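Next come the chains, spelled out residue by residue.
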Amino acid sequence: MKSFTSRRARAIMVAIAAGSLALTGCSENTGGSGGEKGESQEKAKEQSQGVAYLDDKASAGPAEEVPGAKPGGTITVYQESALSHMDPGQIYVSDAGQFANLVFRGLTNFQEDGKGGVSVVGDLATDSGKASDDNKTWTFTLKDGIKDQNGKEITSADVRHSVERLYAEFIFDGPTFLQTWLSGPDYRKALPDGGFGKKHLPDSVLETPDDKTIVFHFDTPRPDLPMTLAMPGYSIVPEESDTKEKYDTAPVSLGPYKIEEFKAGKTLKLVKNENWDAKTDPVRHQYVDGFDFQFGVTESTQTKRLISDQGEAKNAIQFTGGVDATQIQDVISDASVNKRTIKGYQPYVMQLTFNLDRVKNKAVRDAVTYAVNSKSLIAGEGGAYGGDVAPNLFAPTLPGYDAKYDPYGRLKTPAGNVEKAKELLADVPASEKKLVFAYANSEAGQKRKVAIEDALGKVGIDVVSKEIDAASYYEQIGKLENPYDIYITGWGQDWPSPSTVVTPVYDGDQVADGASNYSHINDPKVQELIKKALNEQPEQAAKTWEEAHKYILEEVNPAAPLWYTKQFQLYGSNIGGARYSTESSYLDVTQLFLKS
């Protein structure tokens with residue numbers, strides 16, 4: 001899944017039907033030098049555990065009270081770029097995912113214990129779902145009295161509508177797991193108008209026998225469905241409130257907060273949703289009166305304000321931004337400031353993606369992969385606090401991660417192998433050594449631009465950099481006919497299985513506008529391996545996914561692995577309930593209150 005500067009993943013795992021265990025994808029980042037990487041990754045492994053699908057009792061609500069929590073006050077939110085989307089169906093990026101935790105609800109959700117453990121509970125549903133013996137049929141029952149911000153009670157018709165609208169053409173940037181599971185890779189053809197007309201999905205696929213019951217029918221086992229439905233992209237959109245394309249700027253809330261005022265790119269004000277009932281919600285709280293978002297506040301400014309801890313900054317948080325790399329020492333050297341931080345290991349792999357429609361020469365792709373300077377890029381992210389060198393395209397939070405798999409020698413030459421890159425480029429025509437690089441117009445994007453230009457320039461590649469608005473970055477590079485050769489992307493698993501990395505990012509069926517296959521890779525061997533793995537039991541599938549991983553990276557090379565990300569965020573001294581969220585890989589916004 002996309003994070004704000006990378007694809008965001010649900011950094012959690014469940015014990016799926018065949019009994020495989022999953023990683024929670026989080027570990028305490030204690031800072032330090034060269035040994036930190038191994039320590040962090042070992043801690044990620046230590047947190048490997050099965051996560052249960054919980055029953056109606058655990059799903060009932062209210063959420064467990066946060067110790068010392070008090071009601072009242074408004075939290076200020078610092079954010080550099082505007083939200084990518086506010087329509088649930090379009091949400092696949094971390095900034096919007098954090099926003100969704102405050103405003104939307106789905107059939108299921110993730111419940112955290114604050115120690116890295118995560119379970120799946122019913123959110124709008126009475127439990128995490130009831131599966132048939134073969135996991136092909138899943139039934140959910142809605143809780144009583146769930147209302148949207150307008151006071152309308154949510155019924156199964158709203159759930160059906162929320163699923164069917166995802167088939168519409170105006171939904172282009174969200175997850176596609178559920179749609180493809182129900183209707184195949186060409187799912188839009190099954191319901192071209194997204195259910196807004198008279199046609200609906202047949203009962204053999206999606207059944208709503210009464211106002212409270214929703215039944216999903218699949219042609220193959222889908223044991224991961226409760227996790228999938230907990231993604232923000234599958235939150236409920238009330239049918240009578242749906243304004244199609246316009247919904248992205250004025251969505252209707254089912255969560256504890258609703259939008260009172262929104263000025264695109266400038267401010268967003270959330271206030272209490274009076275129709276949210278804490279007794280039905282096992283995850284969220286409504287301690288504060290609201291959240292005031294300030295957009296356009298750079299990470300360096302955010303960090304300065306929060307270090308100073310004056311005025312409104314006492315009540316402020318970083319949303320998806322982190323501590324500015326140049327000010328990390330100012331934070332960790334002052335105990336009173338450092339205690340106001342959250343740290344964690346994230347599930348994202350940042351990579352330099354090649355547009356294979358434009359960069360067709362593998363020698364060029366391989367040369368770039370050897371040339372890129374992970375050390376310099378990580379320094380711009382905060383050094384040891386910002387990430388580790390990535391030797392491959394799988395993250396340490398994935399089951400079976402192989403830290404020694406390093407086909408391009410990234411670990412031995414983290415600053416780039418200039419000699420090898422030049423050797424590969426020796427016979428390449430000059431016209432193929434000119435690459436258009438797209439970067440986001442954020443502080444992080446500027447740092448990455450400098451690092452990429454410097455590294456590739458050293459091996460004789462002419463980099464032409466093109467700036468993209470950070471809020472629409474993924475939308476722009478997600479266009480099939482985009483005018484760029486290379487761009488930095490990041491991906492983390494949507495749940496702890498390689499299937500949620502290989503399939504969305506490297507599957508030829510995902511070559512489409514708005515899809516996550518940013519390289520446009522469409523290789524017969526990869527397609528064959530994906531199909532094989534999806535029909536195997538987890539133990540055998542793990543071997544097939546690894547075979548696909550190695551073939552993709554070595555034989556095709558659609559993306560150069562750069563770094564694995566870590567989280568380091570700062571908040572004001574009057575913020576209570578602050579903790580790292582294993583589920584979001586950011587500050588857990590569902591727990592916050594003001595101390596005074």
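Attention in this report is confined to the structure presented alongside it. Quick caveat: nothing in here was measured; it's all calculated off a predicted structure.

**Some words on the pattern of salt bridges**
Okay, so step 1: Within the structure shown, the criterion is met by 28 salt bridges.
Okay, so step 2: Here Lys212 makes a salt bridge to Asp144, at a shortest N to O gap of 3.0 Å. Of the two residues, Lys212 sits in the loop between β6 (206-210) and β7 (213-217) while Asp144 sits in the loop between β5 (137-141) and α4 (156-164), which places them 68 residues apart along the sequence.
Okay, so step 3: According to the relative accessible area criterion, Asp144 is exposed, its value standing at 61%.
Okay, so step 4: Lys449 is the partner of Glu453 in a salt bridge, and the nearest nitrogen-oxygen pair spans 3.4 Å. Of this pair, Glu453 and Lys449 both sit in helix α13 (residues 443-457), separated by 4 residues, roughly a single helical turn.
Okay, so step 5: The network of salt bridges with shared partners includes Arg105, Asp123, Asp281 and Arg284.

**Looking at the environment of Leu206**
Okay, so step 1: Position of Leu206 among the secondary structure elements: in strand β6.
Okay, so step 2: On a C-alpha basis, the gap between Leu206 and Phe218 in space is 9.0 Å, while along the polypeptide they are 12 residues apart.

**Overview of the nonpolar core**
Okay, so step 1: Counting residues in hydrophobic clusters, the biggest one holds 108 residues, and the most contacted among them are Phe216 and Leu352.
Okay, so step 2: With 6 residues, the single largest contributor to this core is strand β14 (residues 434-440).
Okay, so step 3: Residue contacts for Leu352: discarding those within four places in its chain leaves Val368, Val372, Phe437, Ile452, Ile486, Tyr487, Ile488, Pro558, Ala559, Ala560 and Leu562.
Okay, so step 4: By size, the runner-up hydrophobic cluster in this structure holds 29 residues, among which are Leu83, Phe99, Phe295 and Leu592.

**Overview of empty space enclosed by the protein**
Okay, so step 1: A full pass over the atoms with the stated rule returns 7 cavities of 30 Å³ or more.
Okay, so step 2: Lining the second largest cavity are 16 residues, with Ser162, Val163, Tyr234, Ser235 and Ile236 positioned closest to its centre.
Okay, so step 3: Taken together, the residues of the lining of the second largest cavity sort by class into 11 nonpolar, 4 polar and 1 charged.

**Considerations on the side chain of Gln179**
Okay, so step 1: Checked against the element boundaries, Gln179 lands in helix α5 (residues 177-183).
Okay, so step 2: Gln179 has contacts with Leu166, Tyr167, Gly184, Tyr187 and Tyr234, leaving out every residue within four places of it along the chain.

Here is what the cut-offs are and how they apply
Along each chain, residue indices are assigned from 1 in the same order as the chain's sequence is written. pLDDT decides what is reported in this predicted model: residues at 70 or higher carry local features, side-chain atom pairs at 80 or more are listed and counted, and totals for whole chains, interfaces and linings draw on all residues regardless. Hydrogens and waters are ignored; side-chain quantities use all the structure's heavy atoms. In the sections that follow, a salt bridge refers to a side-chain nitrogen of Lys or Arg positioned within 4 Å of a carboxyl oxygen of Asp or Glu. Per the convention used, a helix needs a DSSP run of H or I reaching at least four residues, while a strand needs a run of E reaching at least two, with both numbered from the N terminus. Residue exposure (1.4 Å probe, protein chains only): buried if accessible area is under 20% of the type maximum, exposed if over 50%, otherwise partly exposed. Grouping buried Ala, Val, Leu, Ile, Met, Phe, Trp, Tyr and Cys residues that are joined through side-chain atoms within 4.5 Å yields what is termed a nonpolar core. Note on contacts: a residue pair qualifies if any of its non-hydrogen atoms lie within 4.5 Å across the two residues. The pocket and cavity definitions rest on a 1 Å grid over protein atoms only: a 1.4 Å probe that fits but cannot leave marks a cavity, an open set with protein on both sides within 12 Å along at least five of seven lines marks a pocket, and residues lining either have an atom within 4 Å of a point. Grid points are joined across faces, edges and corners, and a volume is the space filled by probe spheres set on the points. Under this grouping Gly is polar, as are all residues other than the nonpolar Ala, Val, Leu, Ile, Met, Phe, Trp, Tyr, Cys and Pro and the charged Asp, Glu, Lys and Arg.

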